[in-house]
Amino acid sequence: MKIIDRYIFTSFLKTFIAVFTILMFIFLLQTIWLYISELAGKDLDFLIIGRFLFYFAPNLIPLVLPLTILVTSIMTFGDFSENYEFAAMKSSGISLQRAMKSLIIFVSFLSITAFFFANNVIPWAEFKSINLRKNISKLKPAMAIVEGAFNEIGDINIKVDGKSGKNDQLLRTVTIHKKNPERRGNFTVIKSERGELVGDENSDILSLILFNGNYYDEVQPNDYKARRKKPFVRSYFDEYKINIDLSTFNEVDLEEEKFNYSYKMLDSEELRIALDSLSEDLNQDKKNFSNNIINRSGVEQIGINLKKPKDTSQIKSIVAKTPQGEEPINYHIKNIDELYDSYDLRDQQQHLNIAIGGIRGTLSNIKGKKEILQKKATTINKTEIQLHDKYALAMACFILFFVGAPLGAIIRKGGLGLPMVVAILLFLTYHFIGIFAKNSAENGAVSPFLASWLSTFIMLPLGVFLTYRATTDQGFFNPDVILLPIKKFFRKIGLAKKEKK
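Residues numbered from 1 in each chain as written. Predicted model: local features only at pLDDT ≥ 70, side-chain atom pairs only at ≥ 80, totals over all residues. Heavy atoms only, no water.

## Observations concerning the overall build of the protein
Then, in step 1: Counting its regular elements, the protein contains 14 helices and eight strands.
Then, in step 2: With 501 residues in all, the protein has 35% of them scored as buried.
Then, in step 3: A sequence separation of at least 24 residues applies to 67% of the contacts in the protein between residues at least 6 apart.
Then, in step 4: Here the protein displays about 31400 Å² of accessible surface, and carbon together with sulfur accounts for 58% of that area. (Helix = DSSP H or I, 4+ residues; strand = E, 2+ residues; numbered from the N terminus. Buried < 20%, exposed > 50% of the residue type's maximum accessible area, 1.4 Å probe, protein only. Contact = heavy atoms within 4.5 Å. Areas by Shrake-Rupley, 256 points an atom, 1.4 Å probe, with all protein chains shown as cover.)

This is the structure:
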């Protein structure tokens, strides 16, 4: 590697690492903020939180990596232009394309790596993160008794009107609903004037001592007639002690991995197989439902119980279906009105009511099935989008470099000021176009292929345009293209006025 290539590559790599680290840190903080409701109050240690962030970090790569390449290329090449290093390179016969040679190789390698990362690491991280989230959701909030509300502790629900004492261990007006694994409902109620929590840090037993209260329990006899009399047991106590076993409190295996299917957990080959299976299932479901509607409509049974009309000037015929082995019966009708008029008034009304009821039932059935089929189609679209996204990520990294590098050379400004603003505006445009397209594709309004590639296709001509402008030492936009014709127009008007004078 030549000195000039080493210098450009080193400058780019240093900026790349710094920008990537900062952006990843920002997006990780955003992740914590998004999922704070799932983590707060669960008494999780730093190891579990660290695992949570570690599993979620790969999912941020499709967002962080393209933005990092765009920001880094604008900052690096903008700094070169601002310090007239590009001018020195060009005076030595080094073109922009030659200066970008080492970085093109690096970004190409980065794009290929991004594809394999999206195809292998991100599905694994998605599998781990979803299962960890589901296990964390099973955890109950750290044990705390809130005043004025029922709090579940072990096998009791407890409510207190007030707390006092150094550690809030003294309780006022205690109401308890005690659970029974053999009966569902609140059959046992304990109420006392005051209570006290007594426990040891080294013990899994928490003692709740109640004073001056009543114990009420509904009796459930086996005889149903006796049960209708609502028998119960009631007693008064001066002191009552309840031991609560906390050994099984929040006994959740965070390593459990039961949830193993999501389109985000699959690699490209598995996604193709899933698409074939889902499409075949949807088509078969549509075919079965269509046949079911036709069979329920009774269209194939028309003519079975048809009476022979009196008029003999018929021009149409219906062959009635008969049991197997019997000859079919030919009935001739002139039109549908004649078929309807062949019945008496009572039969006509009955047939209309049956038909209206059947149509309403069919419409309701179609409406419900439409929602089911729409959900299946949405799943297929999401799966196809996920497949194309793996390839679009690699191409986006490559194209955004050709947007950022020439743009940095054109604006001739380095640092975190203008380059960062320009990069963020470009990336937000790229990102939101992709989001809107994918949301439309999920509902079937846009092709999943187009939704995944649309933002990349839009950035491609921009990259070509900027590379051409930077190579030919032209600015991003030449105002003379618009201003010169206007100036010439007004100049001609001025000359015409002088000639008239």
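Moving on, there is more to tell.
## A word on the packing of helix α4 (residues 61-82) against helix α12 (residues 418-442)
For any two helices packed against each other, the geometry is given by the interaxial angle and the distance between the axes.
Then, in step 1: Taken N-terminus to C-terminus, the directions of α4 and α12 make an angle of 145 degrees; their axes are 9 Å apart at the nearest point. At the point where α4 passes α12, the crossing takes the right-handed sense. Residues Leu 63, Pro 66, Leu 67, Leu 70, Val 71, Ile 74 and Met 75 of α4 form the contact with α12, whose participating residues are Pro 419, Met 420, Val 422, Ala 423, Leu 426, Phe 427 and His 431.
Then, in step 2: Residues of the contact of α4 with α12, tallied by class, amount to 13 nonpolar, one polar and no charged. (Axes fitted to C-alpha atoms, helices over the stretch in contact; angles between N-to-C directions. Left-handed = near helix turned anticlockwise from the far one by under 90°. Nonpolar A, V, L, I, M, F, W, Y, C, P; charged D, E, K, R; others polar.)

## Some points on the packing of α12 against helix α13 (residues 448-471)
Then, in step 1: Two numbers describe how α12 lies on α13: the axes approach to 7 Å, and their chain directions differ by 155 degrees. Accordingly, the angle class assigned to the pair α12 and α13 is roughly antiparallel. Two packed elements cross with a definite hand, and for α12 against α13 that hand is right-handed. Between α12 and α13, the residues in contact are Leu 426, Tyr 430, Ile 433, Gly 434, Ala 437, Lys 438 and Ala 441 and Pro 448, Ala 451, Ser 452, Leu 454, Ser 455, Thr 456, Ile 458, Met 459 and Leu 462, respectively.
Then, in step 2: Its residues assigned to classes, the contact of α12 with α13 comprises eleven nonpolar, four polar and one charged. (Parallel < 35°, antiparallel > 145°, perpendicular 65-115°, else oblique.)

## A few points about the nonpolar core
Then, in step 1: By size, the foremost hydrophobic cluster in this structure holds 62 residues, and its most contacted members are Leu 65, Phe 77, Phe 86 and Phe 401.
Then, in step 2: Here this core gets twelve residues from one element, more than from any other, and that element is helix α11 (residues 345-411).
Then, in step 3: Setting aside residues no more than four positions away along its own chain, Phe 401 makes contact with Phe 12, Ile 69, Ser 73, Phe 77, Met 100, Leu 103, Ile 104, Val 107 and Pro 406.
Then, in step 4: Residues Ile 176, Leu 206, Tyr 215 and Ile 242 belong to the second largest nonpolar core, which totals 16 residues. (Core = buried A, V, L, I, M, F, W, Y, C linked by side-chain atoms within 4.5 Å.)

## Concerning a nonpolar patch on the surface
Then, in step 1: A contiguous nonpolar patch, built from Ile 22, Phe 25, Ile 26 and Leu 29 and spanning about 410 Å² of accessible area, is present on the exposed surface.
Then, in step 2: Inspection of the secondary structure assignment puts Ile 26 in helix α1 (residues 3-34). (Patch = residues over 30% accessible without salt bridge, like charges linked within 9 Å, V, L, I, M, F, W, Y side chains within 5 Å. Salt bridge = Lys/Arg side-chain N within 4 Å of Asp/Glu carboxyl O.)

## Describing the UniProt feature "transmembrane region" (unreviewed entry) in the protein
Then, in step 1: Per the UniProt entry, the sites bearing "transmembrane region" (unreviewed entry) are residues 12-36, 56-78, 99-118, 391-411, 418-437 and 449-468 in this numbering.
Then, in step 2: The straight-line gap between the two end C-alpha atoms of residues 418-437 is 29 Å; of that span, 100% is helix and 0% is strand.
Then, in step 3: Along residues 449-468 the backbone is 100% helical and 0% strand, and the end-to-end C-alpha distance reaches 29 Å. (UniProt positions renumbered as here; feature names shortened; annotations may be inferred.)

## Side note on the packing of aromatic side chains
Then, in step 1: The final tally for this structure, using the stated rule, is 24 aromatic pairs.
Then, in step 2: Plain terms: the ring middles of Phe 401 and Phe 402 are 5.4 Å apart, the flat faces sit at 80 degrees to each other, and that makes the pair edge-to-face. With respect to class, Phe 401 is no different from Phe 402; both count as buried.
Then, in step 3: An aromatic cluster of at least three residues, connected via ring pairs, comprises Tyr 7, Phe 9, Phe 12, Phe 16, Phe 20, Phe 77, Phe 80, Phe 106, Phe 398, Phe 401 and Phe 402.
Then, in step 4: Its guanidinium or amino end placed over the ring of Phe 211, Arg 194 lies 4.3 Å from that ring's centre, counting from NZ or CZ. (Phe/Tyr/Trp six-rings, centres within 6.5 Å; stacked < 30°, edge-to-face > 60°. Lys NZ or Arg CZ within 6 Å of the ring centre and 35° of its normal.)

## Some words on the confidence of the model for the protein
Then, in step 1: Averaged over every residue, the pLDDT of the protein is 77; the share at 70 or more is 75%.
Then, in step 2: Across residues 325-334, where pLDDT falls below 50, the model places 32 contacts with residues more than four positions away in sequence or in other chains. (pLDDT = per-residue confidence, 0-100.)

## Here we look at the side chain of Thr 31
Then, in step 1: Tracing the backbone through its elements, the reader meets Thr 31 in helix α1.
Then, in step 2: Judged by its relative accessible area of 4%, Thr 31 is buried.

## A short note on the pattern of salt bridges
Then, in step 1: Going through the model one piece at a time under the given rule, you end up with five salt bridges.
Then, in step 2: The closest approach of N and O atoms between Glu 269 and Arg 272, which form a salt bridge, is 4.0 Å. Placement of the pair is Glu 269 and Arg 272 together in helix α9 (residues 268-297), with a separation of three residues, close to one helical turn.
Then, in step 3: Between Lys 376 and Asp 285 there is a salt bridge whose closest N-O contact spans 2.8 Å. Residue Lys 376 is located in helix α11, and its partner Asp 285 is located in helix α9; the two are separated by 91 residues in the primary sequence.

## As for the layout of surface pockets
To locate leftover empty space, one rolls a probe as large as a water molecule over the atoms.
Then, in step 1: Estimates place the volume of the largest pocket at around 1200 Å³.
Then, in step 2: Asn 59, Pro 62, Lys 264, Asp 389 and Lys 438 are the residues nearest the centre of the largest pocket, which is lined by 36 residues in total.
Then, in step 3: Secondary structure elements with two or more residues in the lining of the largest pocket: α1, α4, α7 (101-138), α11, α12 and α13.
Then, in step 4: Broken down by element, the residue count for the lining of the largest pocket peaks at eight residues, all from α12.
Then, in step 5: Of the residues contributing to the lining of the largest pocket, the split by class is 17 nonpolar, eleven polar and eight charged. (1 Å grid on protein atoms, 1.4 Å probe; cavity = no way out; pocket = protein on both sides within 12 Å on 5 of 7 lines; lining within 4 Å. Points joined across faces, edges and corners; volume = space filled by probe spheres on them.)

## Let's talk about unusual backbone geometry
Leave glycine aside and you will find that most residues have negative phi; peptide bonds, for their part, are mostly trans.
Then, in step 1: Despite not being glycine, Thr 173 shows a phi value in the positive range, around 55 degrees.
Then, in step 2: Relative to the elements of secondary structure, Thr 173 occurs in strand β3 (residues 170-180).
Then, in step 3: Its relative accessible area of 24% is what places Thr 173 among the partly exposed residues.
Then, in step 4: Even without being glycine, Asn 212 reaches a positive phi, approximately 55 degrees.
Then, in step 5: The topology assignment puts Asn 212 in strand β5 (residues 205-218).

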